[in-house]
Structures are given as C-alpha cells and as structure tokens.
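What follows is each chain in one-letter form.
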Amino acid sequence: MARSSLTGIQKLVTRLVREVAPRNRDIIARRFGFASGRRETLEAIGSSYGITRERVRQIEEATVSAVAKVAQRDPDVSAVVASVIDVLQREGGVMRQDLMFQEMSGASTLTTTNAALVFVLTASNQVFHAPEGDHFHAFWAAHRAQADAFRSGIQALSQALKSHAEPMEWEAFCGVAKSTSAVLATGMPVNEKHLVAALAISKDIGKNIYGQVGLSAWPQVNPKGIRDKAYLVLKREAKPQHFSAITKLISSATFPDGKRVNMQTVHNELIKDKRFILVGRGLYALSEWGYQAGTVKDVLVHTLKEAKSALPKAELISRVLANRMVKESTIVLNLQDSTTFAKQADGTYTLRKA
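Model, not experiment: these values are computed from the prediction.

The next thing to look at is helix α10 (residues 192-201). Counting buried positions over the 10 residues of α10 gives 7, a clear majority of the element. Those residues of α10 that fall on the buried side of the exposure criterion are His194, Leu195, Ala197, Ala198, Leu199, Ala200 and Ile201. Sitting at the head of α10, asparagine 191 places a side-chain oxygen 3.0 Å from the backbone nitrogen of lysine 193.

Let us now look at the nonpolar core. Judged by nonpolar contacts, the single largest core of 34 residues is most densely connected at Ile9, Phe34, Met100, Leu117, Phe119, Val120 and Leu121. Elements with a contribution of two residues or more to this core: α1 (9-16), α2 (22-32), α4 (53-71), α5 (75-90), α6 (97-105) and α7 (112-124). Here this core gets 8 residues from one element, more than from any other, and that element is α7. Phe139, Ala160, Met168 and Trp218 belong to the second largest nonpolar core, which has 29 residues in total.

With that settled, consider the environment of threonine 41. Within the secondary structure, threonine 41 sits in the loop between α2 and α3 (42-49). The sequence separation of threonine 41 and serine 251 amounts to 210 residues, and the corresponding C-alpha distance is 42 Å.

Right, let's get into the packing of helix α9 (residues 170-179) against α10. At their nearest, the axes of α9 and α10 sit 11 Å apart, and the two run at 100° to each other. One element, α9, and the other, α10, form an angle in the roughly perpendicular class. Contact with α9, carried on its side by Trp170, Phe173, Cys174 and Ala177, involves Glu192, Leu195, Val196 and Leu199 of α10 and no other residues of that element. Looking at the contact of α9 with α10 residue by residue, the classes come out as 7 nonpolar, no polar and 1 charged.

Let us look at the layout of surface pockets. The space that makes up the largest pocket amounts to roughly 530 Å³. Considering the residues around the largest pocket, the lining is formed by 19 residues, among which Phe32, Arg39, Glu60, Thr122 and His129 are closest to the centre. Every element with two or more residues in the lining of the largest pocket is listed here: α4 and α7. When residues in the lining of the largest pocket are grouped by element, the largest group, 6 residues, is from α4. Grouping the constituent residues of the lining of the largest pocket by class yields 9 nonpolar, 5 polar and 5 charged.

Across all of its chains, the model carries 4 aromatic pairs by this definition. With centroids separated by 5.1 Å and ring planes inclined at 50°, the aromatic side chains of phenylalanine 34 and phenylalanine 119 adopt a geometry described as tilted. Here phenylalanine 119 lies in helix α7 and phenylalanine 34 lies in the loop between α2 and α3, a separation of 85 residues in the sequence. What makes phenylalanine 34 buried here is its relative accessible area of 9%. With relative accessibility at 0%, the residue phenylalanine 119 sits in the buried group. A cation sits over an aromatic face here: arginine 23 above tyrosine 49, 5.9 Å from the ring centre. Between the NZ or CZ atom of lysine 207 and the centre of the ring of tryptophan 170, over which it lies, the distance is 4.7 Å.

On to the packing of helix α11 (residues 226-237) against helix α12 (residues 243-252), then. Interaxial distance between α11 and α12 falls to 9 Å at its minimum, and their mutual angle equals 100°. The pairing of α11 with α12 is recorded here as roughly perpendicular in orientation. Counted together, Ile226, Lys229, Ala230, Val233, Leu234 and Glu237 of α11 and Ile246, Leu249 and Ile250 of α12 form the full contact between these two elements.

The subject of this paragraph is the sheet that holds strand β11 (residues 348-351). The 3 strands are arranged β9-β11-β10 in an open sheet whose pairing can be described as antiparallel. Pairing within the sheet leaves two strands with one partner each, and these edge strands are β9 (311-312) and β10 (341-343). Both β9 and β11 contribute to a ladder of 2 bridges, which runs antiparallel. Residue pairing in the sheet places leucine 311 in a bridge with tyrosine 349 of β11. Those strands touched by helix α14 (residues 296-307) are β9, β10 and β11, and its axis lies near 95° from that of β11.

What follows concerns the side chain of serine 158. In this structure, serine 158 sits in helix α8 (residues 144-162). With residues near it in sequence (within four places) discarded, serine 158 still touches Asp204, Ile205 and Leu215.

Conventions we followed
- Residues numbered from 1 in each chain as written.
- Predicted model: local features only at pLDDT ≥ 70, side-chain atom pairs only at ≥ 80, totals over all residues.
- Heavy atoms only, no water.
- Buried < 20%, exposed > 50% of the residue type's maximum accessible area, 1.4 Å probe, protein only.
- Helix = DSSP H or I, 4+ residues; strand = E, 2+ residues; numbered from the N terminus.
- Polar contact = N/O pair within 3.5 Å; in protein donor to acceptor, adjacent residues only side chain to side chain.
- Core = buried A, V, L, I, M, F, W, Y, C linked by side-chain atoms within 4.5 Å.
- Axes fitted to C-alpha atoms, helices over the stretch in contact; angles between N-to-C directions.
- Parallel < 35°, antiparallel > 145°, perpendicular 65-115°, else oblique.
- Contact = heavy atoms within 4.5 Å.
- Nonpolar A, V, L, I, M, F, W, Y, C, P; charged D, E, K, R; others polar.
- 1 Å grid on protein atoms, 1.4 Å probe; cavity = no way out; pocket = protein on both sides within 12 Å on 5 of 7 lines; lining within 4 Å.
- Points joined across faces, edges and corners; volume = space filled by probe spheres on them.
- Phe/Tyr/Trp six-rings, centres within 6.5 Å; stacked < 30°, edge-to-face > 60°.
- Lys NZ or Arg CZ within 6 Å of the ring centre and 35° of its normal.
- Pairing = 2+ DSSP bridges.

Spelled out as structure tokens, the structure:
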C-alpha cells in the first residue's frame, strides 16, 4: 500500500520543480539526490558553479520555499504525505529513516525514489526530519514536538541505563523505561513500539546478540575483540568453560563482524585479561564470580590469611575446590610445601611465619 503511493513520484518532483530556474533546479536535484541517488555537498556544488557554499545554501533554501507553495496545494503530494504519516503512526509516531525508506519503497538506501520522497516531504513541511547526529540516526516524526520529546526520552533512558552498569533482558528494559520520567511520544504513555523505535534510532542504546539491552559503548553490548566476545559468551553460560568450548561458543554466536576465531588465540587472550581466571586445566571462569587469581598455592595462602587461624586439611581442600577445578591430590601436594605451610600437631595447617 505504501509503496504504491510512490508510483510516479519522480514525475511528481519534475512537475513540482517545472517552473524553477535551471541552475536552481540542478542545485536542489544534486543536494537531495533525486536525479542520481547521491547527495552532493554544498562545497562540491559551489565549486562547480564558482560560488560559495553559503550561496548554494541560500539558493537551496529559497528554492525549497518556492516549491513548498506549490507542493502544499498539490493533491498528489498530500497523498504521499498521508501515506508516510500512516506508516509513522503505525510505528509509534517516529521511524528511523532507512526503515521508513524500506517500508515506503522497498529499498533502505538513498535511491532516486527515496531521494524524491525526501524532497516531497521536505517541501510539504507536514512531517519532521531529524538529521543524523552523534547520538541519533536520521529519523522522521509525525511532527517536531514528537521528535523533540523522543530525543529527550532516549537521553533519559541512556542515563537510567548507566546506573544499571550491565545489559538487561527486554522485559527489564521495558520496566526501566516505564519507571523513568522519559516520555517518548508527546501525550502518549511509553509502549513497546516506542522502545523498539528508540533502539533503532539511538546510537547510545543497543542490543547484544542475546537480545539484552544496554549502552552501545559497553563491551557486553558491542564487543570489540576476542576478549569481549569471550566475556559475553562465558557470562551467558554462567559457569567455567574450557577455552576450546569458549572458542566454539564465540564461533557459533551471531556476532555482527562474523570473524572466525582460533582456539589458541582465544587461550592467549584469556590469559592476558584480568576478567578471566584460570580455575583448572584450560578451564576459565570470570573473576566477578568470586574466583581468586593465581595458582592453587596462591589460593591456599589467601584462604589461610582470610581465616586468620589454622584450618583442618579437609576444610582447606573444600575451600580451594570452591575456587579451583582441580584434583584433591593437587591441593595436598601444594600443602606439602613446608617453606610456606606449617602442619600443626593436631593436623591443622597455618602459614609458616617468616
């Protein structure tokens, strides 16, 4: 339905600019890209005509204003605008530009048809276009107040997520959104469509491969390398894994870059990162799970220091096994280091005093 409304949109644009002076018509065609499907900069156009970028901007602005007087009375323009507004309202009032293009024309990029659509919408002045910036992708809204409210709401959501420090499941994210003072659409309560649009439009909020929502800058949302990917898949597993298993988990996950990983490379990267603790032969856990770094001997020393008293061998073994996936015999062998541990007459162990 939406795509049929763009049938003949190129002819509509030709009719709208029919009375425009040739140079001005060429300038807006190049600025919007409806002749070639490629937008040109003010500088490039100015250079070709031997005029300043500011003069090009003035010509563009004056030409669009002149065309607007014609466009706002044209029934075909009204039909296109009505179709776009229908799509926007169906999606909650706002929509990322490439998604709107896809819905309207079937192509998400700036084709000549989509460029013509942008020109018609701009001339109509009935919907609002928010250009791409540092924090938002380009998007369209039913009106300016809605776009402003939406941007403010996304910023409030970003601040709320900061206090949580890690990604959350979609349901939890919806709860956070509804508990903030963020209003994503003027006069409307926050609903799921608004939140879907927020994730599509915001550059600061994103989803990871498991559908969890968080700040895009977090490595748990957008992992930058093997270590971050290993952290994400291991955290998802919630228990220690051999580095070969971690390699398989990374390889089978749908990370956007699609890069293949080598088992030995994964092992080497885990060793270098303090987020990972070697808890057994090739087995890694996350330090945030409470595992202590170091060898079995280091864990024994730490355990005795924490206890501040002698401990029976069985208690020591139990505590170390909670921190390491090793054989009991390995722990007993380490306890035989008489330069570090002292066995008392009652069979308990303490640290040997220096």
